[in-house]
Amino acid sequence: MANYQGGKLYGQQMARQEQSLDDINAQFLSCGTYDEEEDLEGKLEQYKSQFLRFDLDKSGDIDLMELKMMLEKLDQPKTHMELKKMIAQVDTTDSGTISYSEFLIMMLGGKNSVLRMILLFEEKAKPKAKPQGIARKMSLADLGIRPDMAQHLG
């Protein structure tokens, strides 16, 4: 059961969850199954960060509502049935949620799931950097207006 109290207790809970995910990452690094994966350690850190961001109640699993909120944040809203199918594609324990191990197997495995595709292209969903400062002054020529046409504008 999630404890929503903030402060020191919340910090301790977060530290325990991060340690638990680090332990799972260490198992994936040492198992040998994913040795062919380029920069496995870097990918595991990235996936841990993604998982922590979307596990809103810090339960250690991504449930249907957390998945729904995650996909809405990525501008990929899904219906209740689509969400259930996405979880079912990944959930190997029939818990109705996605554990961190299942999340890693999905992200590192060869089997493509809809959720994996969305998360792999998450970077595209991030807003682009907007130009900073004052826009430069433009002339009529910059706007594509010929000098002989400019006299008809005013």
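All chains use their own residue numbering, which begins from 1 and follows the written sequence. Since the coordinates come from a predicted model, pLDDT governs what is reported: local features require at least 70, and pairs of side-chain atoms require 80 or more to be given and counted, while whole-chain, interface and lining totals use all residues. Each side-chain value is worked out from all heavy atoms of the structure, with water and hydrogens disregarded.

Over the atoms, a rolled probe matching the size of one water molecule traces out where space is still vacant. Cavities and pockets are defined on a 1 Å grid built over the protein atoms alone: a cavity is a set of grid points where a 1.4 Å probe fits but cannot escape, while a pocket is an open set with protein on both sides within 12 Å along at least five of seven lines, and lining residues are those with an atom within 4 Å of any such point. Grid points are joined across faces, edges and corners, and a volume is the space filled by probe spheres set on the points. One pass over the full model with this rule turns up one cavity of 30 Å³ or more. What the largest cavity holds in volume is close to 30 Å³. Arg53, Phe54, Leu56, Glu66, Met69, Met70 and Lys73 are the residues that line the largest cavity. Starting at the N terminus, helices and strands are each numbered in turn, a helix being any DSSP run of H or I of at least four residues and a strand any DSSP run of E of at least two. Elements that contribute at least two residues to the lining of the largest cavity include exactly helix 2 (40-54) and helix 3 (64-73). In terms of residue count, helix 3 provides more of the lining of the largest cavity than any other element does, four residues in total. Residues were grouped as follows: Ala, Val, Leu, Ile, Met, Phe, Trp, Tyr, Cys and Pro as nonpolar; Asp, Glu, Lys and Arg as charged; and all remaining residues, including Gly, as polar. Tallied by class, residues from the lining of the largest cavity come to four nonpolar, no polar and three charged.

Here Asp55 lies in the loop between helix 2 and strand 1 (61-62). To sort residues, take the accessible area from a 1.4 Å probe on protein chains only and compare it with the maximum for the residue type: under 20% means buried, over 50% means exposed, and anything in between is partly exposed. For this count, His and the chain ends are skipped, Lys and Arg are scored as positive, and Asp and Glu as negative. We define a salt bridge as a side-chain nitrogen of Lys or Arg found within 4 Å of a carboxyl oxygen belonging to Asp or Glu. No salt bridge is formed by the buried Asp55, whose closest oppositely charged neighbour, Lys58, lies at an N-O distance of 5.9 Å. Between N or O atoms, a polar contact is any pair within 3.5 Å; within protein, one atom must be a potential hydrogen donor and the other a potential acceptor, and residues adjacent in sequence are included only when both atoms are from side chains. A distance of 2.7 Å separates a polar side-chain atom of Asp55 from the backbone nitrogen of Gly60. By the convention used here, residues are in contact when the closest approach between their heavy atoms is within 4.5 Å. Those residues within four positions of Asp55 in sequence are excluded, and the remaining contacts are Gln17, Gly60, Asp61, Ile62 and Glu66.

A complete count under the given rule lists five salt bridges for this structure. Of the charged contacts in the structure, one is a salt bridge between Asp22 and Lys48, with a shortest N-O distance of 2.7 Å. Of this pair, Asp22 sits in helix 1 (residues 7-30) while Lys48 sits in helix 2, placing them 26 residues apart in sequence. Residue classification places Asp22 among the partly exposed residues on the basis of a relative accessible area of 27%. Taking the shortest distance from any N to any O, the salt bridge between Glu72 and Lys68 comes out at 3.0 Å. Taken together, the residues span about one helical turn, with Glu72 and Lys68 both in helix 3 at a distance of four residues. Residues joined in a network through salt bridges with shared partners are Glu18, Asp22, Glu45 and Lys48.

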